[in-house]
Amino acid sequence: MSGLLAGKRLLVTGVITDASIAFSVAKLAQENGAQVVLTGFGRLSLVERIAKRLPEPAPVIELDVTNVEHLAGLADKVREHVDGLDGVVHSIGFAPQSCLGGGFLDAPWEDVATALHVSTYSYKSLAMAALPLMAPGGSVVGLTFDATKAWPVYDWMGVAKAGLESASRYLALHLGPKGIRSNLVAAGPLRTIAAKSIPGFDQFETAWTERAPLGWNLTDQEPAARACLALLSDWFPATTGEIVHVDGGYHALGA
């Protein structure tokens, strides 16, 4: 077995279609020597079908990151397929429609709470559920969208991502003594299922394709996936609490 992740055992969440970043992560991880276990929620049959498109069909575990019982049983379910984990990929986010598309001032707390629970708190929840399977050298990697700015139409999901970025830093603080890293990849806009649910998403598409110094391909998930693989590998042993931008350089520009 050879490759950047040779011998690594990974848990990858968020594979819904083969256009998702998570699918690209799982595919490249397998091609680089890793064993991959996937999680799905709500549409398990769809995830299982997509899993068969990987170089090696991957097992799928049901996981609702807001369900305490699912989280408590995760380690045992993962052990049915691998004897431990070297890395966890958090590619989970959701906000009710009221929280997006310009509804920032009107979204009710109940909907905002859902967005924060699924998109922010779940990062810590997933890491803790997987912790019994992880040893020093392990890595938790999440996906964000640059939360240092207020983006049109992104609204409460932007707030949730800001919380995710802070949560990653705190996870780095608390898991560091255990030898486990926590980092995020801030990808530019991509035409994923999640993006299609955001009214006015085309505003992002136009800005990136016109202004990113390196250019930006809205349908190429591989650059973001490669960054995830690098952070899951042994090549960043002293990096934690970091956010790696994979956006063609757009984040470096002025307004």
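Residues numbered from 1 in each chain as written. Predicted model: local features only at pLDDT ≥ 70, side-chain atom pairs only at ≥ 80, totals over all residues. Heavy atoms only, no water.

1. So, the sheet that holds strand β7 (residues 243-246)
- The parallel open sheet is built from seven strands, whose spatial order is β3-β2-β1-β4-β5-β6-β7. A strand with exactly one partner marks an edge of an open sheet, and here the two such strands are β3 (60-62) and β7. Each strand of the sheet is rotated relative to its neighbour by a mean of 20°, with strand direction disregarded.
- Summarising the sheet, strand β5 (residues 134-144) and strand β6 (residues 181-187) pair through six bridges and their orientation is parallel. (Pairing = 2+ DSSP bridges. Helix = DSSP H or I, 4+ residues; strand = E, 2+ residues; numbered from the N terminus. Axes fitted to C-alpha atoms, helices over the stretch in contact; angles between N-to-C directions.)

2. A short note on the UniProt feature "binding site: substrate" (unreviewed entry) in the protein
- With numbering aligned to this structure, UniProt lists the feature "binding site: substrate" (unreviewed entry) at Ala95.
- Within the secondary structure layout, Ala95 lies in the loop between β4 (85-90) and α4 (109-130).
- Residues within four places of Ala95 in sequence aside, it is in contact with Leu100, Ala115 and Met157. (UniProt positions renumbered as here; feature names shortened; annotations may be inferred. Contact = heavy atoms within 4.5 Å.)

3. Regarding the side chain of Asp64
- For Asp64, the location among the structural elements is in the loop between β3 and α3 (68-79).
- For the buried Asp64, which has no salt bridge, the nearest side chain bearing the opposite charge is Lys77, at an N-O separation of 11 Å.
- Aside from chain neighbours lying at most four places away, what touches Asp64 is Phe41 and His70. (Buried < 20%, exposed > 50% of the residue type's maximum accessible area, 1.4 Å probe, protein only. Lys, Arg positive; Asp, Glu negative; His and termini not counted. Salt bridge = Lys/Arg side-chain N within 4 Å of Asp/Glu carboxyl O.)

4. Details of the pattern of salt bridges
- On inspection of all chains with the given rule, the structure shows eight salt bridges.
- Here Arg79 and Asp76 are joined by a salt bridge, their closest N and O atoms 2.9 Å apart. Here Arg79 pairs with Asp76, and both are found in helix α3, just three residues apart, close to one helical turn.
- Shared partners join several salt bridges into a network, and the residues in it are Arg9, Asp83 and Asp86.

5. Structural notes on the nonpolar core
- The biggest cluster of nonpolar side chains holds 55 residues, and the ones touching the most others in it are Val12, Val25, Leu38, Val185 and Trp208.
- For Leu38, the contacting residues outside a window of four places in its chain are Val12, Val15, Ala26, Ala51, Leu54, Ala58, Pro59, Val60 and Ile61.
- Grouped together as the second largest cluster of nonpolar side chains are 30 residues, Val82, Ala130, Leu131 and Ile180 included. (Core = buried A, V, L, I, M, F, W, Y, C linked by side-chain atoms within 4.5 Å.)

6. Structural notes on a nonpolar patch on the surface
- On the surface, Leu4, Trp235 and Phe236 cluster together to form a nonpolar patch covering roughly 340 Å² of accessible area.
- Tracing the backbone through its elements, the reader meets Phe236 in the loop between α8 (222-232) and β7. (Patch = residues over 30% accessible without salt bridge, like charges linked within 9 Å, V, L, I, M, F, W, Y side chains within 5 Å. Areas by Shrake-Rupley, 256 points an atom, 1.4 Å probe, with all protein chains shown as cover.)

7. Structural notes on unusual backbone geometry
- At Val153, a residue that is not glycine, the phi angle is positive and equals roughly 70°.
- In this structure, Val153 sits in the loop between β5 and α5 (155-175).
- With phi around 50°, Asp155 is a residue other than glycine that occupies positive phi space.
- Along the chain, Asp155 falls in helix α5.

8. Examining the packing of α3 against α4
- Axis separation between α3 and α4 bottoms out at 8 Å; the angle between their running directions is 40°. Judged by the twist between their axes, the crossing of α3 over α4 is right-handed. Contacts between α3 and α4 pair Leu71, Leu74 and Ala75 from the former with Ser125, Leu126 and Ala129 from the latter.
- Its residues placed into classes, the contact of α3 with α4 shows five nonpolar, one polar and no charged. (Left-handed = near helix turned anticlockwise from the far one by under 90°. Nonpolar A, V, L, I, M, F, W, Y, C, P; charged D, E, K, R; others polar.)

9. Describing the packing of α4 against α5
- At a minimum axis distance of 9 Å, the contact between α4 and α5 shows a crossing angle of 20°. With respect to α5, the axis of α4 lies roughly parallel. Relative to α5, α4 is oriented so that their crossing is right-handed. Residues Val112, Ala115, Leu116, Ser119, Thr120, Tyr123, Lys124 and Ala127 of α4 form the contact with α5, whose own contacting residues are Trp156, Met157, Ala160, Gly163, Leu164, Ser168 and Leu171. (Parallel < 35°, antiparallel > 145°, perpendicular 65-115°, else oblique.)

10. Focus: the packing of aromatic side chains
- Counted according to the given criterion, the structure contains seven aromatic pairs.
- An angle of 45° between the planes, with centres 5.4 Å apart, marks the rings of Trp151 and Trp208 as tilted. With Trp151 in the loop between β5 and α5 and Trp208 in helix α7 (residues 202-211), this residue pair connects regions lying 57 residues apart in the sequence. Here Trp151 and Trp208 have matching classes, each one buried.
- Pairwise contacts between aromatic rings join Phe145, Trp151, Tyr154, Trp208 and Tyr250 into one cluster. (Phe/Tyr/Trp six-rings, centres within 6.5 Å; stacked < 30°, edge-to-face > 60°.)

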